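Below, each chain spelled out in residue letters.
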Amino acid sequence: MSSTIRNKAEAVMQERYTASELRQDADLEAILHELRVHQIELELQNDELRRTQVDLETMQRKYFDLYRLAPVAYLHLDDQGIIQDLNLKGAELLGGELQMITNRPLVSYLESGTYGEFFRHLQAVFANTDRQTCEVTLRARNGVTRNVLLESIAAWEDGNRFCRTVMIDVTARYQAERELQQSEARLRALFEASPVPLATISRIDGTIRYANPALGQLLAASLPAMIGRMAPFPKDLLQFLLAGPWDQASIGREWRIVRNNGEHIWVVVTCQTIVLGTEPCMMAGFHDVTERRTMEESLRQHTEELRAANAALVEAARLKDQFLANMSHELRTPLTGILGMAEALGLTVYGALNERQLRAIDTIEQSGRHLLDLITDILDLAKVEAGKLELVADAIQMDVLCDRSIQMVEQLAQAKHQKFSLVNECSHVEFLGDERRLRQVIVNLLSNAVKFTGDGGELGLNVVCDRQQRVLIFTVWDTGIGIHADDIHRLFQPFVQIDSGLARQYAGTGLGLALVRRFTELHGGSVVVDSSPGKGSRFTVRIPLITSPAPSSAVQSAPSLQQGRMRRIVMLEDSAITAEHLANYLRILGILDVTLLRLARGRLT
């Protein structure tokens, strides 16, 4: 900037002095030249200072007007709360002149009850660097009481601490809050005095905002336990209240609700929309009509019972027929696909597997077959009851029967850290019987032993062969909860569990022991129980020992289809998934000519 002023001074000097005045002695000429330039520089600097001062005064007046005439009150306080400066809006709120208010403590304009709040606020301002807020009450000179919000932050000026405060009038908000409180008090008084059970339910979240004592008596519930929580009404009733036809003044319907003591009552619900503050709510009234409903139900009772009984008989017959017709196909079809895939994996059709994988596949296959067997339990029971179930007798190896049965429950016992023992005195015995039914007998008994024995308990299977009496004896024992003597006669009834508490704690269909008894009797045997509470149980199955005419050879692997002469297969299947799986399986085995015939609506396609 100095070079600029220097250049300007040089130009002014050329204009101001003539050439003859400039031509002097060389030294004198240089001195005069510098003096003249310096004089002109001072003149230019004075001009710049005057312009800067004018701009500064203009800016000060501008910001002074913004501060003084701002619509928000501004105050400067020292660390003792003395007002050092304020604007016109601040003087208006405090009810005085600027000159009269300055240098006075702010607490002199506050209600005495807010002194402590203000001084705590002031202390927090100087103890922190961020903005602090508090609400106090002004007692102005004109007698008008105002509620104001103080927002303050600490500042430093000339080495002194100051508090810069914005004062906001929130009296209107306080007035609105008081009016809302008065309105709520009136509404609460109406609620509490009404003999009709009433509740105000929020339309936003379904919680109860208010409830009167009559509603507490109706629901046999405590009012404090209901306020602020979801309304204790059935889901459909609550949805009706929250999303009902809001354009109607009142709605009357009858609903069945449950009191807190478990009693069922009928109520007529009337409701109307209201607004609490800004929250949309529903005011609902509940009228107990249980007595009238009871009388109406008693008048229709005899006719309805007869009608229901007849309908139940017809429906039971229909469902039984439908069940027997659909269960076998609908449930067995997907399991057949699972078993087929497990068998294909076990035969390494899709590639070689290691020993652990083969054992896992074998477990999947055995479990799937057991599940398939269980699906037929109900069908089997129905057939047994109708006398239509026939056993498929074949040669059975005792070792195979025991091993396959134990595999079904071994993992369950391990999960409960139970100790399992097998005593098989008939290791090499081969006899005639229905292996699937006998395995189901043993598995059902072992599953019950695992289920009703606690963690770390013991259970086992003992097999004895009495050749003199020609009888096989299977004994399944455990150290579980045991059975009362009065309940043993109910064990073998279908769809029955001894105790409803046990039914909740121990899952089951109630068919296992019923099938155990019937399958044992079909083999010409019997089953007995020896048990006492807390000491475990022993189930003993006795069946006749019938040996096969000739011992069966060891189980051989099925010959590969590739070894035979079969090159073309025509397959009839109504399940697309099963058909596709079998076709792929056959193609992998080398039978490339596979023709699939599917059934669609009773026709071949």
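Residues numbered from 1 in each chain as written. Predicted model: local features only at pLDDT ≥ 70, side-chain atom pairs only at ≥ 80, totals over all residues. Heavy atoms only, no water.

Which residues make up the overall build of the protein chain, and what values go with them?
The number of helices and strands found in the protein chain is 18 helices and 21 strands. Relative to its full complement of 605 residues, the protein chain shows a buried share of 35%. Long-range contacts, defined here as pairs at least 24 residues apart, represent 56% of the contacts in the protein chain between residues at least 6 apart. For the protein chain, the exposed area adds up to about 36,300 Å²; of that, 54% sits on carbon and sulfur atoms. (Helix = DSSP H or I, 4+ residues; strand = E, 2+ residues; numbered from the N terminus. Buried < 20%, exposed > 50% of the residue type's maximum accessible area, 1.4 Å probe, protein only. Contact = heavy atoms within 4.5 Å. Areas by Shrake-Rupley, 256 points an atom, 1.4 Å probe, with all protein chains shown as cover.)

Tell me what's going on with the sheet that holds strand S14 (residues 458-466), and back it up with residues and numbers.
In space, the five strands of this open sheet follow the order S12-S14-S15-S17-S16, with mixed pairing throughout. Two strands lie at the open edges of the sheet, namely strand S12 (419-424) and strand S16 (526-531), each paired on one side alone. Neighbour-to-neighbour, the strand axes of this sheet turn through a mean angle of 10°, independent of strand direction. (Pairing = 2+ DSSP bridges. Axes fitted to C-alpha atoms, helices over the stretch in contact; angles between N-to-C directions.)

So what's going on with the sheet that holds strand S7 (residues 208-211)? Residues and values would help.
Strands sit in the order S7-S6-S10-S9-S8 across an open sheet of five strands; the sheet is antiparallel. Edge positions in the open sheet fall to S7 and strand S8 (253-258), since each of these has one partner strand only. Each adjacent strand pair in this sheet contributes to an overall mean axis angle of 35°, direction not counted. Sheet strands in contact with helix H7 (residues 171-193) are strand S6 (198-202), S7, strand S9 (264-276) and strand S10 (279-288), and its direction is about 55° off that of S7.

For the environment of Ser 447, give the residues involved together with the corresponding values.
In this structure, Ser 447 sits in helix H15 (residues 435-451). Sequence spacing of Ser 447 and Leu 412 is 35 residues, and the spatial spacing of their C-alpha atoms is 8.2 Å.

Requested: an account of helix H17 (residues 512-522), with residues and values cited.
Three or more residues of H17 are buried, namely Leu 513, Ala 514, Leu 515, Val 516, Arg 518, Phe 519 and Thr 520. Following H17 by one or two positions, Gly 524 has its phi on the positive side, about 80°.

Report on the side chain of Thr 114, specifying residues and quantitative values.
Looking at the secondary structure, you find Thr 114 in the loop between helix H5 (98-101) and helix H6 (115-127). For Thr 114, the residues in contact, after removing those within four places along its chain, are Val 136 and Thr 137.

Run through the state of the cysteines, naming residues and quoting values.
The final tally for this structure, using the stated rule, is zero disulfides. Distance from the sulfur of Cys 134, which forms no disulfide, to the nearest cysteine sulfur (Cys 163) is 9.4 Å. In this structure Cys 465 is not part of a disulfide, and its nearest cysteine sulfur, from Cys 426, lies 4.2 Å away. On the basis of relative accessibility, which here comes to 18%, the residue Cys 465 falls in the buried class. (Disulfide = S-S within 2.5 Å.)

Got a sec to walk through the packing of helix H14 (residues 398-415) against H15? Specific residues and values, please.
Following both chains from N to C, one finds H14 and H15 inclined at 30°, their axes separated by 9 Å at the closest point. With respect to H15, the element H14 is oriented roughly parallel. Pair H14 / H15 crosses with right-handed handedness. Contacts between H14 and H15 involve Val 400, Leu 401, Arg 404, Ser 405, Met 408, Val 409, Leu 412 and Ala 413 from the former and Glu 435, Leu 438, Arg 439, Ile 442, Val 443, Leu 446, Ser 447 and Val 450 from the latter. Tallied by class, residues from the contact of H14 with H15 come to eleven nonpolar, two polar and three charged. (Parallel < 35°, antiparallel > 145°, perpendicular 65-115°, else oblique. Left-handed = near helix turned anticlockwise from the far one by under 90°. Nonpolar A, V, L, I, M, F, W, Y, C, P; charged D, E, K, R; others polar.)

A description of the packing of aromatic side chains should follow, citing residues and the corresponding values.
Given two aromatic rings, their pairing is described by the distance between the two centres and the angle made by the two planes. Counted under the stated rule, the structure contains two aromatic pairs. Ring plane angle 40° and centroid distance 4.9 Å describe the contact between Phe 233 and Phe 286, whose orientation is recorded as tilted. Separated by 53 residues along the polypeptide, Phe 233 in the loop between helix H9 (223-226) and helix H10 (235-243) and Phe 286 in strand S10 bring together distant segments of the chain. Take Phe 233: its relative accessible area is 9%, and that puts it in the buried class. You can call Phe 286 buried: its relative accessible area is 1%. Over the face of the ring belonging to Phe 126 we find Arg 161, whose NZ or CZ atom lies 4.6 Å from the ring centre. In this structure, Arg 293 is placed above the aromatic ring of Trp 266, and the distance from its NZ or CZ to the ring centre is 3.6 Å. (Phe/Tyr/Trp six-rings, centres within 6.5 Å; stacked < 30°, edge-to-face > 60°. Lys NZ or Arg CZ within 6 Å of the ring centre and 35° of its normal.)

Now, about the pairing of strand S2 (residues 83-86): what can you tell me, with residues and values included?
Pairing of strand S1 (residues 73-77) with S2, which is carried by three bridges, proceeds in the antiparallel orientation. Directly across from Leu 77, in S2, lies its bridge partner Ile 83. Counted between consecutive antiparallel strands, the loop separating S1 from S2 contains five residues, among which Gly 81 sits at a positive phi close to 85°.

Which residues make up the nonpolar core, and what values do they have?
Core analysis: the largest hydrophobic core is formed by 39 residues, its most contacted members being Met 398, Leu 401, Phe 431, Leu 445, Leu 472, Phe 474 and Phe 539. For this core, the secondary-structure elements that each account for two or more residues are H14, H15, S14, strand S15 (471-478), H17, S16 and strand S17 (537-544). Sequence-distant contacts of Met 398, defined by excluding residues within four places in its chain, comprise Asn 424, Cys 426, Ser 427, Val 429, Phe 431, Val 463, Leu 472 and Phe 474. Judged by nonpolar contacts, the second largest core, of 25 residues, contains Leu 77, Val 136, Cys 163 and Met 167. (Core = buried A, V, L, I, M, F, W, Y, C linked by side-chain atoms within 4.5 Å.)

Coordinates in, geometry out; function isn't part of it.
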